[in-house]
Protein chains: 2
Amino acid sequence: MSHSDPAFLAHCRALLGQAHVLTDDADTAPFLTDWRGRFTGRALAVLRPASVEQVAGVVRACAEWRVALVPQGGNTGLVLGSVPDDSGSAVVLSLARLNRVRGVDAVNRTITVDAGCILQHVQEAAAQAGCLFPLSLAAEGSCTIGGNLSTNAGGTAVLRYGNTRELCLGLEVVTPQGELWSGLRGLRKDNTGYDLRDLFIGAEGTLGVITGAVLKLYPQPKACITALAALPSPAHALRLLTLMQDRCGASLTGFELMSRYCLELVAAHFPQLPKPFAAPHAQYVLLELSSSQSEAHAVELLETSIGAALEADIIEDAVVAASVAQSAGLWQLREHIPLAQAAAGKNIKHDVSLPISSLADFIAGTAAQLERAFPGAQLVCFGHLGDGNLHYNVAPPPGTPDRQFLANQDAINRIVHDSADSYGGSISAEHGIGALKRDELARYKSPLELRLMRAVKTALDPLGIMNPGKIL
Amino acid sequence: MSHSDPAFLAHCRALLGQAHVLTDDADTAPFLTDWRGRFTGRALAVLRPASVEQVAGVVRACAEWRVALVPQGGNTGLVLGSVPDDSGSAVVLSLARLNRVRGVDAVNRTITVDAGCILQHVQEAAAQAGCLFPLSLAAEGSCTIGGNLSTNAGGTAVLRYGNTRELCLGLEVVTPQGELWSGLRGLRKDNTGYDLRDLFIGAEGTLGVITGAVLKLYPQPKACITALAALPSPAHALRLLTLMQDRCGASLTGFELMSRYCLELVAAHFPQLPKPFAAPHAQYVLLELSSSQSEAHAVELLETSIGAALEADIIEDAVVAASVAQSAGLWQLREHIPLAQAAAGKNIKHDVSLPISSLADFIAGTAAQLERAFPGAQLVCFGHLGDGNLHYNVAPPPGTPDRQFLANQDAINRIVHDSADSYGGSISAEHGIGALKRDELARYKSPLELRLMRAVKTALDPLGIMNPGKIL
């Protein structure tokens, strides 16, 4: 052993060039601290290969010298999945230089990309070919598609287009032995053996290094139009979801819940944004409708559906955007919630998902438990209701210092996660597990499921060098 | 050893009851011959458990006595995946008695079912709750959802709703050790570790026994309307696909290619069916549009789009159904192709998929190779063009006896599969591998991919008792 073996780093320098084996603290720092700034690890080096062959060479070297490696894309993850631990024995393998769009096939509606492509660049390349790559999330200007795949990222378009998993047709992966698996197939149907693709997707770099992918593209909608509906309760939001899906089918492309407190936070910190209603309401839903026909068709279908919801006493009030431009304004309210939260101070974040039919009960039941345990705690409850995904965040009661409140983090997590689990929900809807939720995973998964996962891990990565300490 | 050990069958009888351990030839026969009647295997017994616990008990017994087991649903597979080999050492594990719909959640849009439910019963239970379970295929009156999941079945609605894989949210599986994994989650988003679900889906019973599933439901469209378009070539069909997707988005729910010869076969054997065009055309596309709004909306959108395609010289002629009832008539033309083929005699079937953009080149290039090798051979080329999936079947030249022609099966498979492979296609789009295509799989997959699959198989089924000889 091994990881301090100078021969290993010398080998890497020969492979990648001196400039792409970073060891100085100033150079490595951006790769070692997580996105939210909560943890800083240490690394033997940060390696920046420029080709798939260089990635394979690095992984072979890691296998030979028994050096652990942490694959990293844009390092925008929220669960400490892409930063090393503090042992200093691992290398960070940055995919950032593998950032080529390899090709677009507009007839097959596919795009083939390097794993290090920034998500926004993938969206742009698709748009240039007249197509839509629908994955969209707050970090899209920095995150990479390899990271999106490794965490099976969600975002705001899951209701219509699915998670990253559903947007991927083929993968290219360097195995933990440094071999290259070329699974870059652009096929809608392919039943030839085990689904290795979906095993690597969502594995957070613990089973191999994703180096490339074939992704699905969609026709560009002619127009996306939004409305903001005001409702008395989450149960009404569920009724609205059913009504909208029945009337609009796949044209319903967004359905986001926001509580009164969320919009009050936004109004307090971003007073320049629109205030759609004169009086406050308990809950709001931001709806988005996409039409492949025209802006007028989208507006008309949305207005008719909203009218039916008013008629049925499901909603109290609503604003329908009259154009694509107005629609962007309503989306801003939703997008500013995380920013308003950050401006307001610290909070304890959760990323739970529930069977959609249990959402109203979950929201009320969990709030009651939290109020008993931590009177006055503020819920910042919003999220992708149409996917059953809530960001159920908990902020201190007015007047309680952040630090004092954050000391309760474990107890609050326990209440929220136990409650989600009791409804058959998940403790991580779209963020993954990483190092942050590893112990939580062990708590909520059955021993059998953990054993099956470990069997897969051991079969593919017997040396245990791939992103150790993450997930399992 | 073991499989002839009377204690094993006595144990099974104690577990399931005398009546559900079939050993008489007359009783076991229907379970031992494949759907197309090409192969009859032998079995130690056919076991018919009635509960998940009984399935687990049987599998534990098989593990203890080292008896191989072949899970079987409706036994409608086309690749010898659900019948035993002729050694007589395996048991068939029929899931047919596990046929309960466990529940429908219309708000969550999910249905939870036993694996042995007939597909058509799942569709009916969904419809009773006002929802659509979109999986649809020729065998739907006999096949089971467990078989659909184990083979990742495709069918006619993949273009809009995806394969069976995309329709499944959660699984319940008995492992090769006879343990019960309860992964019956009804969540749209759940990023908590490795995707075991998709590993069992499509594994054809070689990694475990699927006993239950949570499936996605969709809103019922208000109307599905079809049109039949006549075109000069497959290349024109690809242009039509792009045009229709751009104009109709997710409303385009069917896009089936049929060659002139296909419709001539149907006309010859089913003269009572409609003949939409006075003169023949080289190719036809059956299009289906679904509207969540109304029948009138579907008809209008379809007529406008077909008009644009005529305007752009993409199609030569078209018939648009004026109602849902007329639409059924056009579908019959497509559905009668396999029946007309069977009536015409034997043929050599293929189930290939291609990148959609390569379909026209594949069809022409493969036809030219076949004509050189087997002059006069007839192509019965039809399929789910919108998914890149062709049933590229080859029938004898007029006057050549079936048996003489079928002797060329291996050489013809080689031409068709080599050609599909050369375009980045798949030798099995929706039928799976089973025993029939196992050697073909070994030919076309890379040694690394085969090694990864074997590593997974060994990790989960170290005794190798699960459906041996299938896939790997």
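Residue numbers here run from 1 along each chain, matching the order of that chain's written sequence. Just so you know, chain letters begin at A and ligand numbers begin at 1, following the order they were written in. Where totals are concerned, whole chains, interfaces and linings use all residues; where local detail is concerned, this predicted model gives features only for residues with pLDDT of at least 70, and gives and counts side-chain atom pairs only at 80 or more. Side-chain measures here rest on the full set of heavy atoms in the structure, leaving out hydrogens and waters.

**Student:** Explain the side chain of His 417 of chain A to me, using residue names and the numbers behind them.
**Tutor:** Along the chain, His 417 of chain A turns up in helix H14 (residues 409-422). In this analysis, two residues are considered to be in contact whenever any of their non-hydrogen atoms come within 4.5 Å of each other. If sequence neighbours within four positions are ignored, His 417 of chain A has contacts with His 350, Val 352, Ile 427, Glu 440 and Tyr 444 of chain A. By the criteria applied, helices consist of DSSP H or I runs no shorter than four residues and strands consist of E runs no shorter than two, each listed in order from the N terminus.

**Student:** Help me get a handle on the sheet that holds strand E15 (residues 317-320) of chain A, residues and values and all.
**Tutor:** Residue and element names in this part refer to chain A. Read from one edge of the open sheet, 7 strands run E15-E12-E14-E13-E17-E18-E16, paired in antiparallel fashion. Across the chains shown, the open sheet's two edge strands, defined by having one partner strand only, are E15 and strand E16 (352-353). Orientation is described by lines fitted to C-alpha atoms, with helices fitted over the stretch in contact, and by angles between N-to-C directions that extend from 0 to 180 degrees. The strands touched by helix H11 (residues 324-344) are strand E12 (223-231), strand E13 (252-259), strand E14 (283-291), E15, strand E17 (378-384) and strand E18 (389-395); relative to E12, the strand with the most contacts, the crossing angle is about 60°. Most of the contacts of helix H12 (residues 359-373) go to E18, to which it runs at about 15°, and overall it touches E13, E16, E17 and E18. Pairing between strands is defined by DSSP: at least two bridges between them are needed.

**Student:** Can you explain the UniProt feature "domain: FAD-binding PCMH-type" (unreviewed entry) in chain A? Please cite residues and give values.
**Tutor:** UniProt positions are given in the numbering used here, feature names are shortened, and annotations may be inferred rather than shown by experiment. UniProt's entry tags residues 39-220 of chain A with the feature "domain: FAD-binding PCMH-type" (unreviewed entry), counted in the numbering of this structure. End C-alpha to end C-alpha, residues 39-220 of chain A measures 40 Å, and it is 21% helix and 24% strand.

**Student:** Describe the pairing of E12 of chain A, listing the residues and the values that go with them.
**Tutor:** All names here are of chain A. In this scheme, a residue with accessible area under 20% of its type's maximum is buried, one over 50% is exposed, and one in between is partly exposed, where area comes from a 1.4 Å probe on protein chains only. The element E12 is extensively covered by neighbouring structure, given that 8 of its 9 residues are classed as buried. Bridge count for E12 against E14 is 9 bridges, and the pairing is antiparallel. Note that in E14 the partner of Ala 227 across the bridge is Leu 287. Across 4 bridges, E12 lies against E15 in antiparallel orientation. Bridging across to E15, Ala 230 finds its partner in Asp 317.

**Student:** How would you summarise the domain arrangement of chain A if you had to cite specific residues and measurements?
**Tutor:** All names here are of chain A. Domain extents, as shown, originate in an automatic or database domain assignment. Taken as a whole, chain A is organised into domain 1 (6-94), domain 2 (101-219), domain 3 (223-344) and domain 4 (352-431). Between domain 2 and domain 4, the C-alpha centre-to-centre distance is 31 Å. With 8 residues of domain 2 at the interface, the matching set in domain 4 holds 4 residues. Accessible surface is computed with a 1.4 Å probe, and the buried area is the amount of it that two parts give up when combined, taken over both parts together. Between domain 2 and domain 4 lies a buried interface of about 440 Å² when both sides are counted; carbon and sulfur atoms form 45% of it. Contact with domain 4 buries surface across domain 2, with Thr 151, Gly 155 and Leu 159 losing the most and accounting together for 56% of the total. What counts as a salt bridge is simple: a side-chain nitrogen of Lys or Arg found within 4 Å of a carboxyl oxygen of Asp or Glu. At the junction of domain 2 with domain 4, the criterion picks out 0 salt bridges.

**Student:** Quick one: what's the story with the pattern of salt bridges, residue by residue and with numbers?
**Tutor:** Within the structure shown, the criterion is met by 36 salt bridges over all chains. Where Arg 260 of chain A meets Glu 264 of chain A, a salt bridge forms, and the shortest distance between an N and an O atom there is 2.6 Å. With Arg 260 of chain A and Glu 264 of chain A both in helix H9 (residues 260-269) and 4 residues apart, this pair spans about one turn of that helix. A relative accessible area of 38% means that Arg 260 of chain A is categorised as partly exposed. Among the residues examined, Glu 264 of chain A registers a relative accessible area of 36% and is labelled partly exposed. Note that Lys 457 of chain B is salt-bridged to Asp 461 of chain B, the shortest N-O span being 2.8 Å. For the residue pair Lys 457 of chain B and Asp 461 of chain B, the accessibility class agrees, reading buried in each case. Several salt bridges converge on common partners, so that one network encompasses Arg 165, Arg 197 and Asp 198 of chain A together with Asp 195 of chain B.

**Student:** Pulling in residues and values, what's your account of the sheet that holds strand E5 (residues 101-105) of chain B?
**Tutor:** By definition, the strands of a sheet pair up through backbone hydrogen bonds, in either a parallel or an antiparallel sense. Residues and elements named next belong to chain B. The sheet built from 5 strands is open, its strands ordered E5-E6-E10-E8-E9 with antiparallel pairing. Across the chains shown, the open sheet's two edge strands, defined by having one partner strand only, are E5 and strand E9 (180-183). Across this sheet, the average inter-strand angle for adjacent strands is 10°, counted without regard to direction. The sheet contacts of helix H4 (residues 119-128) involve E5, strand E6 (110-114) and strand E10 (209-216), and relative to E6 the element is tilted by about 145°.

**Student:** If you had to explain the packing of helix H1 (residues 6-16) of chain B against helix H3 (residues 52-65) of chain B to someone new, which residues and values would you point to?
**Tutor:** Residues and elements named next belong to chain B. Remark: H1 packs on H3, axes separated minimally by 10 Å, with the N-to-C direction vectors making an angle of 170°. Considered as vectors, H1 and H3 are oriented roughly antiparallel to each other. Across the interface between the two elements, Ala 7, Phe 8, His 11, Leu 15 and Leu 16 from H1 touch Gln 54, Gly 57, Val 58, Ala 61, Cys 62 and Trp 65 from H3. When residue character is reported, Ala, Val, Leu, Ile, Met, Phe, Trp, Tyr, Cys and Pro are called nonpolar, Asp, Glu, Lys and Arg charged, and the others, Gly included, polar. In terms of residue class, the contact of H1 with H3 is built from 8 nonpolar, 3 polar and no charged. Relative orientations are named as follows: roughly parallel for angles under 35 degrees, roughly antiparallel for angles over 145 degrees, roughly perpendicular for angles from 65 to 115 degrees, and oblique for any other angle.

**Student:** Before we move on, could you go through the side chain of Ser 419 of chain A and cite the residues and values that matter?
**Tutor:** All names here are of chain A. Mapped onto the fold, Ser 419 is located in helix H14. Of the residues examined, Ser 419 reaches a relative accessible area of 5% and is grouped as buried. Excluding residues that lie within four positions of it along the chain, Ser 419 makes contacts with Phe 362, Thr 366, Gln 369 and Arg 414.

**Student:** Give a description of helix H14 (residues 409-422) of chain B that names residues and reports values.
**Tutor:** All names here are of chain B. To estimate how far a helix should extend, the number of its residues minus one is multiplied by 1.5 Å. Compared with the 20 Å implied by 1.5 Å per residue over 14 residues, the 20 Å span of H14 between its first and last C-alpha is a close match. All of the buried residues in H14 are Ile 412, Asn 413, Ile 415, Val 416, His 417, Ser 419 and Ala 420. For H14, the secondary structure elements touched by its buried residues are strand E16 (352-353), helix H12 (359-373), strand E18 (389-395), helix H13 (402-406) and helix H15 (438-444). At the C-terminal side of H14, Gly 424 shows a positive phi close to 75°.

**Student:** I'd like to hear about the environment of Ala 367 of chain B, residue by residue, with values.
**Tutor:** Residue and element names in this part refer to chain B. Among the secondary structure elements, Ala 367 is positioned in helix H12. A relative accessible area of 24% places Ala 367 in the partly exposed class. Once residues within four sequence positions are removed from consideration, Ala 367 is found in contact with Leu 379 and Tyr 392.

**Student:** Which residues make up the packing of H12 of chain B against H14 of chain B, and what values do they have?
**Tutor:** Geometrically, a packed helix pair is captured by the angle between its two axes and the distance between the axes. All names here are of chain B. With their axes 10 Å apart at the nearest point, H12 and H14 run at an angle of 155° to one another. Comparing their axes, H14 and H12 come out roughly antiparallel. In this structure, H12 meets H14 at a crossing whose hand is right-handed. Taken together, the residues of H14 that come into contact with H12 (itself represented by Phe 362, Thr 366, Gln 369, Leu 370 and Ala 373) are Ile 412, Ile 415, Val 416, Ser 419 and Ala 420. Note on convention: near helix rotated counterclockwise from far helix by under a right angle means a left-handed crossing. Clockwise means right-handed.

**Student:** I'd love a proper account of the relation of the copies chain B and chain A, names of residues and values included.
**Tutor:** Superposition record for chain B on chain A: RMSD 0.0 Å, screw rotation 180°, translation along axis 0.0 Å. With respect to symmetry, the two chain copies, as superposed, fit the operation of a two-fold axis. Most of the interface of chain B is mirrored in chain A, where 100% of its interface residues again form contacts. The least-squares superposition of copies is restricted to C-alpha atoms, and to residues with a pLDDT of at least 70 in both copies.

**Student:** Can you break down the packing of aromatic side chains residue by residue, with the values?
**Tutor:** Two aromatic rings, drawn from Phe, Tyr or Trp (for Trp, its six-membered ring), form a pair once their centres lie within 6.5 Å of each other, and the interplanar angle then sorts them: stacked below 30 degrees, edge-to-face above 60, tilted otherwise. Using the criterion set out here, one finds 12 aromatic pairs over all chains in the structure. Residues Tyr 161 of chain B and Tyr 218 of chain B carry aromatic rings whose centres are separated by 4.8 Å and whose planes lie at 65° to one another, so their mutual orientation is edge-to-face. Remark: Tyr 218 of chain B occurs in strand E11 (residues 218-219) and Tyr 161 of chain B occurs in helix H6 (residues 158-161); sequence separation between them is 57 residues. Classification of Tyr 218 of chain B by relative accessible area gives buried; the value is 16%. Here a set of aromatic residues connected by ring pairs shows up, and it is made of Phe 362, Tyr 392 and Tyr 423 of chain A.

**Student:** Explain helix H1 (residues 6-16) of chain A to me, and be specific about the residues and the numbers.
**Tutor:** Residues and elements named next belong to chain A. Listed in full, the buried residues belonging to H1 are Phe 8, Leu 9, Cys 12 and Leu 16. Burial along H1 is one-sided: seen end-on, the buried residues are contained in an arc of 90°. Residues Pro 6 and Ala 14 are exposed on H1 and point more than 90 degrees away from its buried face. Buried residues along H1 sit against strand E1 (21-22), strand E2 (45-47), helix H3 (52-65) and strand E4 (91-94). Immediately downstream of H1, the backbone of Gly 17 shows phi near 90°, a positive value. Picture the helix axis, draw a direction to every C-beta atom, and the arc is the one those directions span.

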